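Letter by letter, the chains look like this.
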Amino acid sequence: HPYYYNAALLTLNETLKDTSKMTSDQHFTALFYKSTVQLSQHKFNEALVTGKQALALNNTNSGIYGVLVDANVEIGNYEEAVKHCDKMISIRPDLRSYSRISYLREIYGDMKGSIKSMEQAIEAGAPYSEYKCWTIVTMGKMLENHNQLDSAMAYYRFSAKERANYPFGIAGMASIEGKLGNYKKADSLYMIALNAVPEISFIMDQAKLHKKQGKQDEVKRLIPKIESMFQEDIESGHNVNMEYAFFLMDFKKDYKRALELGLKEYKLRSNNIDVNRLLAFAYYANGDLENAEKHVEIAMKTKKQDAELFCIAGLITNNAKQIKKAFAIDPYQDHLFVDRAKKMIS
């Protein structure tokens with residue numbers, strides 16, 4: 001990723017230096033591709049600007065509305081994202097538009113509607129395509145996060161059959177096996193996934209699996225590897241503030257640095273619920289309950305049914321009822337303060 005993001009962006013910027021010899025369609029396509037690279041780098045504000053430039057050249061392409069949906073979601077402009085999503089599906093009801101509807105419904109707490117839209121997205125996907133398999137895994141993760149482990153496993157297995165040995169599906173299967181206590185099986189599945197794709201999230205999940213088993217030597221062995229991958233991403237211009245902040249809290253107990261990264265991201269997109277969720281965790285870790293409560297309220301504004309969010313909210317406000325709700329949604333949640341939450345309701 002680090003090399004190819006920059007290579008793609010360099011090529012596109014070079015292409016866009018002189019648009020006088022381009023057709024309008026070529027100009028639009030270059031801007032469209034550039035906006036997708038910016039999204040991949042988590043440069044959401046820049047992607048929104050580029051996406052709007054592309055939209056001015058072509059407002060009948062469904063793909064550019066997808067860019068505007070994604071950018072607005074990540075910035076925290078949820079109502080604007082809904083408008084663009086409505087436009088997108090009116091032009092082309094396909095996997096890309098149905099999956100975005102699903103995500104927006106999930107953000108607004110409509111899990112039943114979210115699952116229905118994701119089913120439509122899967123049905124609309126081209127057989128054996130990576131897009132379809134990614135959507136199948138996303139469905140599995142949604143179900144897994146709501147304690148529907150059997151259904152989630154079925155979707156993960158479906159993805160790995162649809163596209164032989166699909167690594168994200170295999171990693172999903174590993175996650176389920178870990179939650180069921182089948183640690184050896186889970187670890188072997190993570191290794192299969194990692195042999196296919198050196199994905200940082202796979203290594204972090206594997207480290208969490210070792211941590212759960214008390215294998216501290218294995219955790220210590222993986223931490224430098226994870227940090228190296230983060231550093232490679234950062235040096236390439238990929239914004240990983242949120243992901244790195246959670247890593248620092250979970251594995252290094254560096255709460256101060258995690259808070260600094262959270263605040264850095266907050267300056268870029270203060271209305272995003274996930275950024276505010278991060279800050280709720282970081283402020284709580286630093287013992288600042290006042291600011292933690294302020295950010296957890298923003299994180300909960302869309303009514304997303306997020307177990308870890310309900311859990312940290314309950315800890316911040318000393319609300320046992322909210323913590324019970326969190327564990328009703330996902331009894332397998334795994335975060336820094338999960339043991340503290342369990343003690344509060346035991």
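Look a little higher up for the structure.
Here's what I pulled together on the structure shown here. (Residues numbered from 1 in each chain as written. Predicted model: local features only at pLDDT ≥ 70, side-chain atom pairs only at ≥ 80, totals over all residues. Heavy atoms only, no water.)

**Remarks on the side chain of His295**
Part 1: Within the element layout of this structure, His295 appears in helix H17 (residues 289–299).
Part 2: Only 2.7 Å separates the side chain of His295 from the side chain of Asn276, close enough to count as a polar contact.
Part 3: Not counting residues within four places of it along the chain, the set of residues in contact with His295 comprises Tyr266, Asn276, Leu279, Ala280 and Tyr283. (Helix = DSSP H or I, 4+ residues; strand = E, 2+ residues; numbered from the N terminus. Polar contact = N/O pair within 3.5 Å; in protein donor to acceptor, adjacent residues only side chain to side chain. Contact = heavy atoms within 4.5 Å.)

**Focus: the layout of surface pockets**
One water molecule sets the probe size; rolling that probe over the atoms shows where empty space is left.
Part 1: Computed from the structure, the second largest pocket encloses a volume of approximately 460 Å³.
Part 2: Along the walls of the second largest pocket sit 19 residues, with Lys212, Asp334, His335, Val338 and Asp339 positioned nearest its centre.
Part 3: Sorting the residues of the lining of the second largest pocket by element identifies helix H10 (167–179), helix H12 (200–212), helix H14 (241–252) and helix H20 (338–345) as the ones contributing at least two each.
Part 4: Residues that form the lining of the second largest pocket fall into these classes: seven nonpolar, three polar and nine charged. (1 Å grid on protein atoms, 1.4 Å probe; cavity = no way out; pocket = protein on both sides within 12 Å on 5 of 7 lines; lining within 4 Å. Points joined across faces, edges and corners; volume = space filled by probe spheres on them. Nonpolar A, V, L, I, M, F, W, Y, C, P; charged D, E, K, R; others polar.)

**Quick word on empty space enclosed by the protein**
Part 1: With the rule as written, the count across this model stands at two cavities of 30 Å³ or more.
Part 2: Each pocket or cavity is described by its volume, and for the largest cavity that value is around 40 Å³.
Part 3: If you go around the largest cavity, the residues you meet are Val73, Glu74, Tyr78, Tyr103, Ile107, Asn272, Ile273, Asp274 and Lys304.
Part 4: Of all the elements in the fold, those that place two or more residues in the lining of the largest cavity are helix H4 (62–75), helix H6 (95–107) and helix H16 (273–285).
Part 5: Among the residues making up the lining of the largest cavity, the classes are represented as five nonpolar, one polar and three charged.
Part 6: In this model, the second largest cavity occupies a volume close to 30 Å³.
Part 7: Residue lining of the second largest cavity: Ile273, Asp274, Arg277, Ala299, Lys304, Asp306 and Leu309, and that is the complete set.
Part 8: At three residues, H16 tops the list of elements feeding residues into the lining of the second largest cavity.
Part 9: A per-class count over the lining of the second largest cavity returns three nonpolar, no polar and four charged.

**Quick word on the packing of helix H18 (residues 307–317) against H20**
Part 1: Where H18 contacts H20, the two axes come as close as 10 Å, and the packing angle between them is 65°. H18 and H20 meet at a crossing whose hand is left-handed. Contacts between H18 and H20 involve Cys311, Gly314 and Leu315 from the former and Arg340, Ala341 and Met344 from the latter.
Part 2: When its residues are assigned to classes, the contact of H18 with H20 shows four nonpolar, one polar and one charged. (Axes fitted to C-alpha atoms, helices over the stretch in contact; angles between N-to-C directions. Left-handed = near helix turned anticlockwise from the far one by under 90°.)

**Side note on the environment of Phe168**
Part 1: Here Phe168 is to be found in helix H10.
Part 2: Along the primary structure Phe168 and Glu14 are separated by 154 residues, whereas in three dimensions their C-alpha atoms are 34 Å apart.
Part 3: Non-local contacts of Phe168, meaning those with residues more than four positions away in its chain, are made with Trp134, Val137, Glu199 and Phe202.

**Here's the deal with the nonpolar core**
Part 1: Ile226, Phe230, Phe247, Met249 and Ile312 are the most contacted members of the largest nonpolar core, which totals 80 residues.
Part 2: With nine residues, the top contributor of residues to this core is H16.
Part 3: Each residue touching Ile226, except ones within four places of it in the same chain, is listed here: Ile200, Ile203, Met204, Ala207 and Phe247.
Part 4: If you look at the next biggest cluster of nonpolar residues, it comprises 20 residues, including Leu48, Ala54, Leu68 and Met88. (Core = buried A, V, L, I, M, F, W, Y, C linked by side-chain atoms within 4.5 Å. Buried < 20%, exposed > 50% of the residue type's maximum accessible area, 1.4 Å probe, protein only.)

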